[in-house]
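# An overview of the molecular structure
Next come the chains, spelled out residue by residue.
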Amino acid sequence: MTVLATLTHVTAELGGRTVLRDVSLDVRPGEVVAVVGPNGAGKSSLLRVFAGLLQPSRGAVAFSGRTLVDIAAAERACSIAYLPQLRSIHWPLAVREIVKLGRLPHQAMGRTTPARDAAAVTVAMTAMDVAGFAERSVLALSGGEQARVLAARALAQEPQLLIADEPTAGLDLAHQFALATVLRARATAGVACLVALHDLSLAARVADRVVMMAAGQIAAVGTAREVLTSARIAAVYGVEMQVMTVGDAMVFVPHAS
């Protein structure tokens, strides 16, 4: 399978602290890669390096066969969408106007038409179940509803690489599963999806590959069943878990203390 984005022996610092150590990873079109690990493991830093928002002190970052830093910011914005972990909205705009912001990179590069913009916005709002309040001020929405609006904005961008840091945070159960379905659909359409998740069951459900991080390094990469074992969870998270299968789904149950 063709590789879209690659980190090669990347080390990165943030605030004088090493947050990634000699990390190598590739992401391919048509797959969902879930990044898991405890707080401070380096998940967000990994995603930010892929997005070009955190420059490594050593190593290389490539996108579509080109060094990422050599790609102009406007061109990167057409190809890479990034949904950060910390999400806040300060503008009293209608939901539709917020989602339409995802089309700005394509408009700036002359790579779209008004009809395509409108279609992309409608598809994204429908996918994230926010079309019903498209004309409402985003500031009048709940936190979970705002999270869905920002996810819709990222989807409307129609990126080749969709990067999302804990996109299910604040979402109710139904919309968590809906988002997982959206990610799978986008991957089926050829998008590469790189997603940090705390919910191991959801990661197992949605991901083609799981990347487990620990102390700024990759502890394991593989399918959910290869990576999310009781022994590895105990070693990385410090929690004893029983890994069970219910139907086709993996379920993680902590041992009673």
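Structure first, text after, so check above.
Notes on the structure follow.

Rules of the game
Residues numbered from 1 in each chain as written. Predicted model: local features only at pLDDT ≥ 70, side-chain atom pairs only at ≥ 80, totals over all residues. Heavy atoms only, no water. Axes fitted to C-alpha atoms, helices over the stretch in contact; angles between N-to-C directions. Helix = DSSP H or I, 4+ residues; strand = E, 2+ residues; numbered from the N terminus. Parallel < 35°, antiparallel > 145°, perpendicular 65-115°, else oblique. Left-handed = near helix turned anticlockwise from the far one by under 90°. Contact = heavy atoms within 4.5 Å. Nonpolar A, V, L, I, M, F, W, Y, C, P; charged D, E, K, R; others polar. Salt bridge = Lys/Arg side-chain N within 4 Å of Asp/Glu carboxyl O. Buried < 20%, exposed > 50% of the residue type's maximum accessible area, 1.4 Å probe, protein only. Pairing = 2+ DSSP bridges. Disulfide = S-S within 2.5 Å. Core = buried A, V, L, I, M, F, W, Y, C linked by side-chain atoms within 4.5 Å.

## Observations regarding the packing of helix H5 (residues 114-127) against helix H6 (residues 143-156)
Running from amino to carboxyl end, H5 crosses H6 at an angle of 140 degrees, the nearest separation of the two axes being 8 Å. Taken together, the axis directions place H5 and H6 in an arrangement best described as oblique. Between H5 and H6 the crossing geometry is right-handed. Residue-level contacts link Ala120, Val121, Ala124, Met125 and Ala127 of H5 to Ala152, Leu155 and Ala156 of H6. Tallied by class, residues from the contact of H5 with H6 come to eight nonpolar, no polar and no charged.

## Section: the pattern of salt bridges
Under the counting rule described, the total for this entry stands at 11 salt bridges. A salt bridge links arginine 209 to glutamate 31; its shortest N-O distance comes to 2.6 Å. Here the residue arginine 209 occupies a position in strand S9 (residues 209-214), and glutamate 31 occupies one in the loop between strand S2 (17-27) and strand S3 (32-36), the gap between them amounting to 178 residues. Side by side, arginine 209 and glutamate 31 carry an identical accessibility label, which is buried. Here the salt bridges share partners, and the residues they tie into one network are Asp26, Arg28, Glu31 and Arg209.

## Brief notes about the sheet that holds strand S4 (residues 58-63)
As summarised here, the arrangement of the four strands in space is S2-S1-S4-S5, forming an open sheet in which the pairing is antiparallel. With partners counted over all chains shown, the strands left at the sheet margins are S2 and strand S5 (66-67), one partner each. In terms of strand pairing, S4 meets S5 through two bridges, oriented antiparallel. Across the sheet, the residue bridging to alanine 62 is threonine 67, located in S5. The strands touched by helix H1 (residues 43-51) are strand S1 (5-14), S2 and S4; relative to S1, the strand with the most contacts, the crossing angle is about 120 degrees.

## Let's talk about the state of the cysteines
Every disulfide links exactly two cysteines, by a covalent bond between their sulfur atoms. In this structure the tally under the stated criterion is zero disulfides. Between cysteine 78, a cysteine without a disulfide, and cysteine 193, which holds the nearest cysteine sulfur, the sulfur-to-sulfur distance is 18 Å. Look at cysteine 78 and you get buried, because its relative accessible area is 4%.

## Comments concerning the nonpolar core
Counting residues in each nonpolar core, the largest one holds 55 residues, and the members touching the most others are Val95, Val99, Val149, Leu162 and Leu228. Per element, the largest residue contribution to this core is eight residues, and it comes from H6. In this structure, valine 149 is in contact with Val95, Ile98, Val99, Val130, Val138 and Leu141, ignoring residues within four places of it in sequence. Counting 31 residues, the second-largest nonpolar core is a separate cluster that includes Ala5, Ala51, Val61 and Phe63.

## Section: the environment of glycine 143
Looking at the secondary structure, you find glycine 143 in helix H6. Residue class for glycine 143 comes out exposed when judged on its relative accessible area of 55%. The spacing of glycine 143 and valine 253 is 110 residues in sequence and 28 Å in space, taken between C-alpha atoms.

## Description of the pairing of strand S12 (residues 249-254)
Sheet analysis places strand S11 (residues 241-246) next to S12, joined by six bridges and oriented antiparallel. By the bridge assignment for S12, glutamine 242 is matched with valine 253. Here S11 folds back onto S12 in antiparallel fashion, the turn holding two residues, of which glycine 247 has a positive phi close to 65 degrees.

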